[in-house]
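Here's the letter readout for the chains.
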Amino acid sequence: MTDTKKETENHRLSVADLRPLTGAGKKLYVETYGCQMNVGDSEILIAIMQREGYRYTEDIAQADVILVNTCSIRDNAEQRIWGRLREFHRYKKARKGLIVGIVGCMAERLREELLERESIVDIVAGPDSYRDMPRLVALAASGAHGVNVQLSEEETYGEIRPVRLDKNGVSAFVAIMRGCNNFCSYCVVPYTRGRERSRDPQTILREVTELFEAGYREVTLLGQNVNSYRWEHDGQTVTFPDLMERVAAVSPLLRVRFATSHPKDLSDRLLEVMAARPNICRAIHLPAQSGSDRLLKAMNRKYTREWYLGRVAAIRHALPDCAITTDLIAGFCGETEEDHAQTLSLMREVGYDSAYMFKYSMRPGTQADRHMTDDVPEEEKVRRLNEIIALQNDLSLASNRRDVGKRFEVLVEGPSRRSGEQLCGRTSQNKMVVFDAREGIAAGDYVTVRITDCTSATLLGEVVAE
Ligand code: SAH
Ligand code: SF4
Ligand code: F3S
């Protein structure tokens, strides 16, 4: 009896291994849009499908099943995907029996409407239904539509080992939580991804340890609001700073990053943990969205400009060499010229190292859609966004110029995009550095680089002896 049990465990046999696999060698192609969470989800989806006997291909022409992992964050993200779906008609014609599935945030938002609007769509699956994908594909193969847009309060895909799609083998993203409870009034994410839930820390640590053992040297812990990570089990609570401590302890050679931090939840304890661990990177992405208190209130961000600046001051105090980056929205409902000027002044006051900057896009069903008016004219949104971008270019250049002459430890990622004789890698502050390749330096190595020049986007440097 014991022997049989041991045998079973050794071979990891399960009932699933004894029945015919539904995939039976069929080829799966996955195209991913949107944020890093989506990239991570595609890796999980591929793992689930491989377990069922599907084989992953990067060649769409070979595919028996095409899955498009979609994004709804702004209207242009969705328009791009509609355009892409129209192109799929020719693949459908060329390959009989080809199955097309739309998954992710746009699938969750539009549900059956996707089937009605685009005839080539066979499957619609929301972000919490990927375990059900083999069944949905089987349904589609039998001529029916496969639809599952059920959101879950528990699903984290915690124990699934994602199939890594990154090319460099040096830095990886690890999802630590899913969903969002913040309901910023402009944002569709709480509707497409459902309630916030945290992943079992044991599975996170196992994944990170395996990545390190496989040669990875950097992990970015991902969630819509990582600071509210919270795992409660058997009377024990693991918070985000606790988790960071544990992940950073995997190895001093492993760099740890995280994204994204909601300013309202950035704790002093996290800053202490960061200060005590040099391998936790000196970079905090702290989306402000706006510099105007009136707009922050309308956006339901739950902090004021003063409070935000207080958090920036706390970061500067605890981590003097920490980069601070942000997200900004131009032209939200009711934004006046004065509000816009406040955003520009916040940018100058913080001196952001870089920023993601967006033109407000009304999203159906959000609080802004239901209770406010998208009243900033398009050309005004464009002008304000351009002013924000121009200012950020100056700030990024100034930030990079301050680094010229300094030395940084750089984690090498691989050949530079521009020239095969150059390598690129990042500083702890997450700035990209390009430098001449040298014999013996490879991806995954740490090198000391002296910065000799810069643009607003990149640092240029030379490797020096430590
Ligand atoms: N959870 C992250 C953000 C995820 S979305 C956070 O809260 O920081 C990434 C960025 O997209 C947001 O920070 C915001 O700047 C932008 N964004 C979200 N909804 C938008 C909309 N409707 N129009 C324009 N930009 C939007
Ligand atoms: Fe959207 Fe706000 Fe949640 Fe970020 S915190 S995902 S902006 S609702
Ligand atoms: Fe887009 Fe969904 Fe991410 S809307 S930004 S893919 S969470």
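Residues numbered from 1 in each chain as written. Chains lettered and ligands numbered in written order. Predicted model: local features only at pLDDT ≥ 70, side-chain atom pairs only at ≥ 80, totals over all residues. Heavy atoms only, no water.

Going by an unreviewed UniProt entry, the chain carries the name tRNA-2-methylthio-N(6)-dimethylallyladenosine synthase and comes from Candidatus Tidjanibacter faecipullorum. The Sequence similarities (unreviewed entry) comment attached to the chain in UniProt states, word for word, "Belongs to the methylthiotransferase family. MiaB subfamily." The annotation that UniProt attaches to the chain under Catalytic activity (unreviewed entry) is "N(6)-dimethylallyladenosine(37) in tRNA + (sulfur carrier)-SH + AH2 + 2 S-adenosyl-L-methionine = 2-methylsulfanyl-N(6)-dimethylallyladenosine(37) in tRNA + (sulfur carrier)-H + 5'-deoxyadenosine + L-methionine + A + S-adenosyl-L-homocysteine + 2 H(+)". (UniProt positions renumbered as here; feature names shortened; annotations may be inferred.)

Of all residues adjacent to ligand 1, which total 15 residues, the nearest are Gln224, Pro287, Gln289, Asp327 and Ser361. Contacts to ligand 1 include Tyr186, whose backbone N or O atom sits 3.1 Å from a nitrogen atom. Here Gln289 contributes a side-chain N or O atom positioned 2.7 Å from an oxygen atom of ligand 1. Mapped by element, the contributors of at least two residues to the shell around ligand 1 are strand S15 (323-330) and strand S16 (354-359). Its residues placed into classes, the shell around ligand 1 shows six nonpolar, four polar and five charged. (Near = heavy atom within 4 Å. Polar contact = N/O pair within 3.5 Å; in protein donor to acceptor, adjacent residues only side chain to side chain. Helix = DSSP H or I, 4+ residues; strand = E, 2+ residues; numbered from the N terminus. Nonpolar A, V, L, I, M, F, W, Y, C, P; charged D, E, K, R; others polar.)

Contacts to ligand 2 come from Cys180, Asn182, Phe183, Cys184, Tyr186, Cys187, Val189, Pro190, Gln224, His262 and Arg301. Tallied by class, residues from the shell around ligand 2 come to seven nonpolar, three polar and one charged.

Another point: unusual backbone geometry. Cis geometry is found at the peptide bond from Ala259 to Thr260, where omega equals 0°. In this structure, Phe183 is a non-glycine residue whose phi angle is positive, near 50°. Here Phe183 is to be found in the loop between strand S8 (177-178) and helix H8 (189-193). Of note in this structure, Gln289 is not a glycine but carries a positive phi near 75°. Along the polypeptide, Gln289 turns up in the loop between strand S14 (283-285) and helix H12 (293-298). According to the relative accessible area criterion, Gln289 is buried, its value standing at 7%. (Buried < 20%, exposed > 50% of the residue type's maximum accessible area, 1.4 Å probe, protein only.)

With respect to topology, six strands assemble into an open sheet ordered S2-S1-S3-S4-S5-S6, the strand pairing being parallel. Of all strands in the sheet, those bounded by a partner on one side alone are strand S2 (55-56) and strand S6 (146-148). Here helix H7 (residues 133-141) sits on the sheet and contacts strand S3 (65-70), strand S4 (99-104), strand S5 (123-125) and S6; the angle it forms with S5, its principal contact strand, is near 160°. (Pairing = 2+ DSSP bridges. Contact = heavy atoms within 4.5 Å. Axes fitted to C-alpha atoms, helices over the stretch in contact; angles between N-to-C directions.)

Okay, the UniProt feature "domain: MTTase N-terminal" (unreviewed entry) in the chain next. Under the local residue numbering, the UniProt record ascribes the feature "domain: MTTase N-terminal" (unreviewed entry) to residues 26-142. Between the first and last C-alpha atoms of residues 26-142 the distance is 15 Å; the span itself is 48% helix and 20% strand.

Glancing now at the sheet that holds strand S10 (residues 218-222). The strand order across the open sheet built from three strands is S7-S10-S13, with neighbouring strands paired in parallel fashion. Two strands in the sheet have a free side with no partner beyond their single neighbour: strand S7 (171-175) and strand S13 (255-259). Within this sheet the neighbouring strands show an average axis-to-axis angle of 25°, counted without direction. Sheet topology places S10 next to S13; five bridges connect them, and they run parallel. Pairing of Leu221 across the sheet is with Phe258, part of S13.

It is worth spelling out the packing of helix H11 (residues 268-276) against helix H13 (residues 305-318) at this point. Look at H11 against H13: their axes get within 10 Å of each other, and the N-to-C directions meet at 25°. Judged by the angle between their axes, H11 and H13 are roughly parallel. Every pair of crossing elements has a handedness; the one defined by H11 and H13 is right-handed. Contacts between H11 and H13 involve Asp268, Leu271 and Ala275 on the former and, on the latter, Arg311, Ala314, Ile315 and Ala318. Each residue belonging to the contact of H11 with H13 can be placed in one class, and the counts come to five nonpolar, no polar and two charged. (Parallel < 35°, antiparallel > 145°, perpendicular 65-115°, else oblique. Left-handed = near helix turned anticlockwise from the far one by under 90°.)

Looking now at the state of the cysteines. Applying the stated rule across the entire model yields zero disulfides. Summary of cysteine pairing: Cys281 is not part of a disulfide, and the nearest cysteine sulfur, belonging to Cys322, is at 9.6 Å. (Disulfide = S-S within 2.5 Å.)

Turning to the pattern of salt bridges, a few remarks are in order. Throughout the structure, instances matching the rule amount to 40 salt bridges. Its salt-bridge partner being Asp242, residue Arg269 comes within 3.0 Å of it at the nearest N-O pair. Here Arg269, found in helix H11, pairs with Asp242, found in helix H10 (residues 240-248); they are 27 residues apart in sequence, far enough to count as distant. For Asp242, a relative accessible area of 19% gives the class buried. Between Arg282 and Asp321 there is a salt bridge, with the nearest N and O atoms lying 4.0 Å from each other. With Arg282 in the loop between H11 and S14 and Asp321 in the loop between H13 and S15, this pair connects stretches of sequence that are 39 residues apart. Assessed through its relative accessible area of 10%, Arg282 is described here as buried. Connected via shared salt-bridge partners are Glu335, Glu337, Glu380, Arg383, Arg384 and Glu387. (Salt bridge = Lys/Arg side-chain N within 4 Å of Asp/Glu carboxyl O.)

With that settled, the discussion passes to the nonpolar core. Residues Leu221 and Ile284 are the most contacted members of the largest nonpolar core, which totals 53 residues. When neighbours within four sequence positions are excluded, Leu221 is seen to be in contact with Val174, Ile176, Val226, Phe240, Leu243, Met244, Val247, Val256, Arg257, Phe258 and Ala259. If you look at the next biggest cluster of nonpolar residues, it comprises 23 residues, including Ile60, Trp82, Leu98 and Val121. (Core = buried A, V, L, I, M, F, W, Y, C linked by side-chain atoms within 4.5 Å.)

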